[in-house]
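Here is what each chain is made of, one letter per residue.
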Amino acid sequence: MKSIITLSLLLFTMVIYAQPLPPGGGTTPVPIDAGIIALLAAGGVYGVRQLKNKI
């Protein structure tokens, strides 16, 4: 039952848009700022640390 609810929520979020598309039908680019880069770096460090602890 829980997986059916999760699947339906995921499918509905792909269909529903909060705002209409901009004129011309193109997508707007998403900027990659320091916050996302810091999260990626932290994830990489965490992954390397887990691999070293596993060995």
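To start, this report covers the structure provided alongside it. (Residues numbered from 1 in each chain as written. Predicted model: local features only at pLDDT ≥ 70, side-chain atom pairs only at ≥ 80, totals over all residues. Heavy atoms only, no water.)

What about the overall build of the protein chain?
So, step 1. A tally of helices and strands in the protein chain yields two helices and zero strands.
So, step 2. The proportion of buried residues among the 55 residues of the protein chain is 0%. (Helix = DSSP H or I, 4+ residues; strand = E, 2+ residues; numbered from the N terminus. Buried < 20%, exposed > 50% of the residue type's maximum accessible area, 1.4 Å probe, protein only.)

Overview of a nonpolar patch on the surface
So, step 1. On the surface, I32, I36, I37 and L40 cluster together to form a nonpolar patch covering roughly 420 Å² of accessible area.
So, step 2. Relative to the assigned elements, L40 resides in helix 2 (residues 34-54).
So, step 3. L40 gets classed as exposed once you look at its relative accessible area, which sits at 62%. (Patch = residues over 30% accessible without salt bridge, like charges linked within 9 Å, V, L, I, M, F, W, Y side chains within 5 Å. Areas by Shrake-Rupley, 256 points an atom, 1.4 Å probe, with all protein chains shown as cover. Salt bridge = Lys/Arg side-chain N within 4 Å of Asp/Glu carboxyl O.)

That's the geometry; what it means functionally is another story.
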